[in-house]
Structure formats: structure tokens, C-alpha cells
Amino acid sequence: MRTPLIAGNWKMNMTIADGVALVEELKAALRGVTGADAAVCVPFTLLKSIADALAGGTIALGAQDMFWEPKGAYTGQISAAMLHDVCCTYVIIGHSERRGRFGSIPESWSDELLDAFGDNDAVVNRKVKAALAAGLTPIMCCGETLAERERGITDEVVAGQITAGLAALTAAQVAGLVIAYEPVWAIGTGKVCDPAEGNRVIAGIRAVVRRLLGDAAADGVRIQYGGSASPDNIAEIMAQSDIDGALVGGAALKPSFAEMVKVAAAR
Ligand code: 13P
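Reading the values: the criteria
- Residues numbered from 1 in each chain as written.
- Predicted model: local features only at pLDDT ≥ 70, side-chain atom pairs only at ≥ 80, totals over all residues.
- Heavy atoms only, no water.
- Near = heavy atom within 4 Å.
- Polar contact = N/O pair within 3.5 Å; in protein donor to acceptor, adjacent residues only side chain to side chain.
- Areas by Shrake-Rupley, 256 points an atom, 1.4 Å probe, with all protein chains shown as cover.
- Nonpolar A, V, L, I, M, F, W, Y, C, P; charged D, E, K, R; others polar.
- Phe/Tyr/Trp six-rings, centres within 6.5 Å; stacked < 30°, edge-to-face > 60°.
- Buried < 20%, exposed > 50% of the residue type's maximum accessible area, 1.4 Å probe, protein only.
- Axes fitted to C-alpha atoms, helices over the stretch in contact; angles between N-to-C directions.
- Helix = DSSP H or I, 4+ residues; strand = E, 2+ residues; numbered from the N terminus.
- Parallel < 35°, antiparallel > 145°, perpendicular 65-115°, else oblique.
- Left-handed = near helix turned anticlockwise from the far one by under 90°.
- Contact = heavy atoms within 4.5 Å.

A. Summary view of the site of the ligand. Lining the immediate environment of the ligand, one finds 13 residues, of which Lys 11, His 95, Glu 182, Gly 188 and Ser 228 sit closest. In the environment of the ligand, an oxygen atom lies 2.8 Å from a nitrogen or oxygen atom belonging to the side chain of His 95. Here an oxygen atom of the ligand sits 2.7 Å away from a polar atom, N or O, in the main chain of Ser 228. The fraction of the free accessible surface of the ligand (300 Å²) that becomes covered by protein chains is 94%. A breakdown of the residues in the shell around the ligand according to their chemical character gives four nonpolar, seven polar and two charged.

B. Representation of the packing of aromatic side chains. Enumeration over the complete set of coordinates arrives at two aromatic pairs. A ring pair is formed by Phe 67 and Trp 68, whose centres lie 4.5 Å apart and whose planes are at 35°; its orientation type is tilted. On the basis of an interplanar angle of 50° and a centroid distance of 5.1 Å, the ring pair of Phe 67 and Tyr 74 is categorised as tilted. Classification of Tyr 74 as partly exposed rests on a relative accessible area of 36%. These aromatic residues form a ring-pair network of at least three members: Phe 67, Trp 68 and Tyr 74.

C. Region of the structure containing the packing of helix 6 (residues 121-133) against helix 8 (residues 154-165). Where helix 6 meets helix 8, the axes come as close as 8 Å, and the angle between the chain directions of the two elements is 45°. As summarised for this structure, helix 6 and helix 8 are arranged oblique, according to the angle between their axes. Crossing of helix 6 against helix 8: the hand is right-handed. Here helix 6 contributes Asp 121, Val 124, Asn 125 and Val 128 to the contact with helix 8, which in turn contributes Gly 160, Gln 161, Ala 164 and Gly 165. Of the residues in the contact of helix 6 with helix 8, the class split is three nonpolar, four polar and one charged.

Below, the structure is given as C-alpha cells:
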């Protein structure tokens, strides 16, 4: 059986003081809770303070992005080894807000800015490989835009992202990683994807992994749902057969995030 993972993605939110106060509350609320893994993926500037605050508890730490090279003259970049050094377990890779051309990126941005900012499938694959090499667990994101869903190509889009993102990985590596299915139109909109439909897409992702890498990889990989997940809908999300947890944005900024972990733990 796969252990569900409820991970918070704080995005570009929180000061050190507010973040530490929140994780201290979460840590206390989740003391003694077993049956689900919990993590908070925080901005780079908060990693050390949050790592210290989480020490001795059950909540794991994650980052929201990384660079694929191990070290060198890459001004402004952060390596996987640096994240490991600051006690990260997880790193989000290929979030739609980093892939460019959709998500929350303003329409006024030029193509040059989008190209400079955006991860593509090849970049995602490099980052996933580098994260694994440094001992981190990637949370590799995929998901279709509203336009892609309306054109009826959700399954192809997601299968393409998964196939490219997992290229040249071993079955054992994939068995240990986390995939987050986040329909772009459900992120930050309050429009949660119908859980049965989310489950259908996620079962399809697992089938792609099975075809590419075999049973051990498909049965081991944890596949989360993300997009307006909250304490109000987490029970219905966790009731689905193929959904192994949630990647949570807005609702992870509140102490009630702990309730979502408890619901997953009770499954
Ligand atoms: P929301 O939960 O705010 O919709 O964000 C989801 C998300 O993007 C998590 O990575």
C-alpha cells in the first residue's frame, strides 16, 4: 500500500516569522498522527528557519524548484545538493506556474520573458534526474490547461508530460517518486476538478508509468491531486482509489492544513 502524501506548496508567500509560527502549530497538531506523510514546500529564503522549526516532528521539508547542475558558476541558482544540505526531503519540479505560458503568469509578459522563465519537459527531466542523484524525492507536476481540456486532449497532454519527464529513469527511481496531477484551470480558482475525473486521469498516468516502466514503478509511484484542494473537499479526494494525496496551495497557508493530513491518515 502506498502511504498518502499531503504536501503544502506555499508558493511566494510567508515571512520567516509567520512561517515558523504556522509550522509550530502544524507540528503540534500532527504529533502522533501516522498513516499519512506531510510536507511543506517553502520559498528558498525560509528553508533554514523552517527546517529548524520542524526538527523533532513528523512534517518533512521541501523546496519549490532547483537547478539541475550540481554546482558552479550559475548565479542565482540553487542545486539539489544545497536543498539536501538544508534538510529538504522533497522538491517540486515542473509546477505549471514555472512552465510558463499559462497559470498565473500575466498576459502582458513578452515571449522573451516567458522563454526565460519557463521550464519545459526537457528541463523538468534534467531537474528530476538531478534531484534523485542528490537524494531528494521529486514531486513532478503535470496537468492540462483549460483550452487543452476543452479540445479533449487532456490525456495526451498529461501522458506526454509524464513520458518526457520520466525519460531515462529506472523503474526503481520512479517507484520512489511523487507525481502531482494539477489541472491548470483548477489551481487557485476554487474550481476543484471533479474527484472522479481526477481519479480517472491519475489512473491513466499510472497506466502510462506501467507501460513505460512496469508494475513495480506503477504500483510504487505516489500520484497526488492538486488544484483548489481544501479541508472541505479532501475527504472526497482521498476516497478515490488511485489518488495518493494532495499538493495544496492556498489551503496550506492555514493551520487547518493539519486537518487535511488527518483525513488522509484516516483513509
Ligand atoms: P491551490 O491549492 O491554491 O489551488 O494551488 C494548487 C497548487 O498549485 C499546488 O501546487
